Amino acid sequence: MRDLLMKKENFLNTSTGVLLTLILSVLVLFILFGELLKSPNTVYFAGDGDGLQSYYGTLYHVLHDTTYSRTYGMNHPYGEMVLFTGNQPVIANTVKWISEHIIDISDHTMAIVNLLMLFSIVIAAIILFLILRHFNLPVTVSVILGVAIPFLSPQIGRLGGHFSLTYVFFIPLMIYLFILFYKKRSYPITSFIGMLTLLAAFTHFYFLGFFGLLFVFYWIVLIVRRREEFGKVRFFLPHIFLQFILPVLIVQFFSISFDDISDRTSSPWGILYLRAYPESVFLPVGKPYGRFLDRIMTFNHIDWEGWAYTGFVAAVGFIVVLTGIVRKMIRKEFTSILSVSDNMLLNIFFWASFAGLLYSFGLPFILGLERLLDYMGPLRQMRGIARFSWLFFYVMNILTFYLLWNWYREKKYPGLARMILFASLAFVSYDAWLNSRSMEYYMNNRIPALDDRENKLPENQWVYRIDPLNYQAIIPVPYFHIGSENLWILTKCDVLKHTYIASLKTGLPTTGVLLSRTSIGQSYRNIEMMLEPYRDPAVLADMPNRKPFLILAMKCGEISETEKNLLSESEFLTGNDRFELYSIRYNTLARLAERKRDEVLQEYKELRLIEKDGFMVTDSLCDFYYNGFEEAGSNRAYYGEHGYEGDLAEYNTVFWDSLPWAGGDSVYVCSFWLDNARKDLLPRSTIEFALTDSSGELIHAEYKNLGNLYTLLDGEWALLEHTLISGTPGNKLKITIWNHDLRKEKIFFDELIVRPSTQHVFREFEGGIMKNNRLYYTRVSETGNSH
């Protein structure tokens, strides 16, 4: 009877605590994010970049896509499978299905997404309260911590852009479900764990990684240490299968069924750059009480992804725990060294999170073991390894206050313990406020043109002057393409926002790309159409029809010459004060390369060229350098019989000599052809342009990725071209290429030309003309030129 009364009292206390946590967390949410909650359907937590892309992807999928598994807003004509888009497919597809089968709520998609992200903090607060109550912390302490910890979470920072990672409740909920399973070991709880794993995986793959880490530690320890309850094969195999293996198989089945792409990158960029550091986890950098740190050290080496501050109290708690571990090692108390507390579950969670923390630091790879990255398989796709410190954040805060409360209950130093407990609760609340207080300012973005659904604003009048049914897609100018992890064509002139607005208002997809792990082959086919016309763009054969394209050209000074030529071939339609709209026919795009060839042939016919070293040039006073590598041993050549072959892991010298005489010109153009140009990771190879004076003193050095220099494509070959300023005559140039990540690969290049920018170099060859390293295949006899 007494036990029953105690359980009832505990239940009432917990129920009251849940209600208090709910009320307090909602109150704090309104205090910190009240302006956003006033108009959730017309506020954008990010006005550009990944955040705007996530909004666009979600809205386009709900409003315009005809399937649930793929989206066609970007990467026209191919589209993309929803798991690689960041458009929150679980939410988007739920809204889409309800709108199509029950009631149309698509106009409220923005509010649904925004409110779910914000109120996930409230859900996390309640779950953390329940976790703390399970570990016997009092209701008041649990309420305060339950509210404070979510607002201190490093996931709060993702509200400014990485929306799929903002759901603060995922990690605490998985911890809580593992706690419940430890107590009851039932299939209903296992089912909840499995469903959460599946939901998390469809939300973002990183959550699957976090859960997998926790899952492995949890089950290994329990099978070994609790054999009677957990160690029997017929018990643990079904639960392990349902909790983790089955959800992974479902995700794999979904991916295989709706995604036939086999050429996504094997190694996304930045896995050892986007990492955490001890100082980014444990030091109060940027906090009012941590300003002194900027006077004693710098933190420029830490990318914003690497910041995951645990809070001051948890940082001190970790020092205490680490000190205890060291003390046990000194005393050789090896049997208890893994027990950081008197609670087995907390010990499991701590060591799992600590392993994640070490991994987030880049261990063991930063210890000269980078080659181990080659054996990571799918895990290498999770390049933002700093995020693995998030699990440590939650566990360390829970563990710290568990230990602090138990020390307080011992009453050895009641006055001191009470003071430290109260101060710790106050400080964790203060840290939470510091972490969240300025977020609302940065998240309160408005895009009136997008919210103007009836198109009454002056900047939206263009909508009435075109018929979207006459076009198949939007080509953005300046063009952008981010996602292949090989070539990066960054956004300029606010083109991303206006392309998204135009796409959502017309329903037209865009050839621009801001996605994740895009097909390499599809990327090159789309990019080729936006490079200098040279060969017929392969992407045109993949278009669903021959309708014209709508070009959205920003009114800015960052449009390339190639894009200006594209506009000159187009028909102006309309525009507003920020951009102009043009129409370009399918057949016009298909003939651009042919027209460019005809122009070169005509130019060759009309120019008065001068013979120089077997070439025809425009300026007899200027020299140039040419190397066809005919003496090299490789039979991989763009033109001629031979080309250069080298080990990509080594430093390959393309050119090292005095610059050719340029007369009064100090601007040089270097160009050469690269084979295997579409190979994964090859465009991320480094090329160095080192300029020295006649004595060998370094004047200037430039470092580029090879992909940044791709000027045009011809099959597997790419022409790389770079312009540099030499300064003084007699300077020497050294061009070097390497890629230490491709240790077993060869590099093949051919046809190097270094010329003054005013010097144009021609050469006849059987069947055509070469101009500045470009080969135009039409027989010389057809040009009428008798050089």
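Right above here is the structure, for reference.
Below is a summary of the structure that appears in this document. Note that the structure is predicted; figures quoted are calculated from it, not measured.

### Quick notes on a nonpolar patch on the surface
Part 1 of the argument: Among the surface-exposed residues, I366, L367, L369, L372 and Y375 lie close enough to one another that they form a single nonpolar patch of about 530 Å² accessible area.
Part 2 of the argument: One can find Y375 in the loop between helix 14 (344-360) and helix 15 (390-410).

### Concerning the state of the cysteines
Part 1 of the argument: Applying the stated criterion across every chain yields a total of one disulfide.
Part 2 of the argument: Paired through a disulfide, C493 and C556 show a sulfur-sulfur distance of 2.1 Å. Across the S-S bond linking C493 and C556, the dihedral sits near 80°, which makes this disulfide right-handed. With C493 in the loop between strand 4 (481-482) and helix 19 (495-506) and C556 in the loop between strand 6 (549-554) and helix 21 (561-568), this pair connects stretches of sequence that are 63 residues apart.
Part 3 of the argument: By relative accessible area, which is 17% here, C493 ends up buried.
Part 4 of the argument: On the basis of relative accessible area, C556 is assigned to the partly exposed category, the value being 28%.
Part 5 of the argument: Left without a disulfide partner, C622 is nearest to the cysteine sulfur of C670, which lies 15 Å away.
Part 6 of the argument: Given the relative accessible area of 3%, C622 is considered buried.
Part 7 of the argument: C670 sits in the buried class, given a relative accessible area of 3%.

### Things to note about empty space enclosed by the protein
Part 1 of the argument: Tallying each qualifying case throughout the model produces three cavities of 30 Å³ or more.
Part 2 of the argument: Looking at the largest cavity, its volume works out to about 100 Å³.
Part 3 of the argument: In this structure, the largest cavity is lined by 13 residues; those nearest its centre are E528, P533, Y534, R535 and P537.
Part 4 of the argument: Considering each element in turn, the lining of the largest cavity owes the most residues, three residues, to helix 22 (residues 586-606).
Part 5 of the argument: Counted by class, the lining of the largest cavity contains ten nonpolar, no polar and three charged residues.
Part 6 of the argument: Estimates place the volume of the second largest cavity at around 70 Å³.

### A closer look at the side chain of N739
Part 1 of the argument: Relative to the assigned elements, N739 resides in the loop between strand 19 (732-738) and strand 20 (746-756).
Part 2 of the argument: Those residues in contact with N739 that lie beyond four places of it in its chain are L648, A649, L681, R684 and S685.

### Quick look at the nonpolar core
Part 1 of the argument: Core analysis: the biggest nonpolar cluster contains 164 residues, and F33, F45, F349 and F350 have the highest contact counts within it.
Part 2 of the argument: Looking at this core, the element that brings in the most residues is helix 15, giving 14 residues.
Part 3 of the argument: Contact partners of F45, with chain neighbours within four places excluded, come to L36, Y55, N114, M117, L118, L159, G160, F163, Y442, M443 and N445.
Part 4 of the argument: The next biggest cluster of nonpolar side chains, apart from the first, holds 58 residues, and it includes Y479, M530, Y582 and V654.

### Notes on the pattern of salt bridges
Part 1 of the argument: Applying the stated criterion across every chain yields a total of 27 salt bridges.
Part 2 of the argument: As a salt-bridge pair, D259 and R264 come within 2.9 Å of each other at their nearest N and O atoms. When sorted by exposure, D259 lands in the same class as R264, which is buried.
Part 3 of the argument: When the shortest N-O distance is used, the salt bridge between R535 and D714 registers 3.3 Å. Highlighted residues: R535 in the loop between helix 20 (520-528) and strand 6 and D714 in strand 17 (residues 710-714), separated in sequence by 179 residues.
Part 4 of the argument: If you follow the salt bridges from partner to partner, you end up with E80, D259 and R264 in one network.

Criteria and cut-off values
- Residues numbered from 1 in each chain as written.
- Predicted model: local features only at pLDDT ≥ 70, side-chain atom pairs only at ≥ 80, totals over all residues.
- Heavy atoms only, no water.
- Patch = residues over 30% accessible without salt bridge, like charges linked within 9 Å, V, L, I, M, F, W, Y side chains within 5 Å.
- Areas by Shrake-Rupley, 256 points an atom, 1.4 Å probe, with all protein chains shown as cover.
- Salt bridge = Lys/Arg side-chain N within 4 Å of Asp/Glu carboxyl O.
- Helix = DSSP H or I, 4+ residues; strand = E, 2+ residues; numbered from the N terminus.
- Disulfide = S-S within 2.5 Å.
- Buried < 20%, exposed > 50% of the residue type's maximum accessible area, 1.4 Å probe, protein only.
- 1 Å grid on protein atoms, 1.4 Å probe; cavity = no way out; pocket = protein on both sides within 12 Å on 5 of 7 lines; lining within 4 Å.
- Points joined across faces, edges and corners; volume = space filled by probe spheres on them.
- Nonpolar A, V, L, I, M, F, W, Y, C, P; charged D, E, K, R; others polar.
- Contact = heavy atoms within 4.5 Å.
- Core = buried A, V, L, I, M, F, W, Y, C linked by side-chain atoms within 4.5 Å.

Geometric descriptors of this kind do not, in isolation, establish any biological role.
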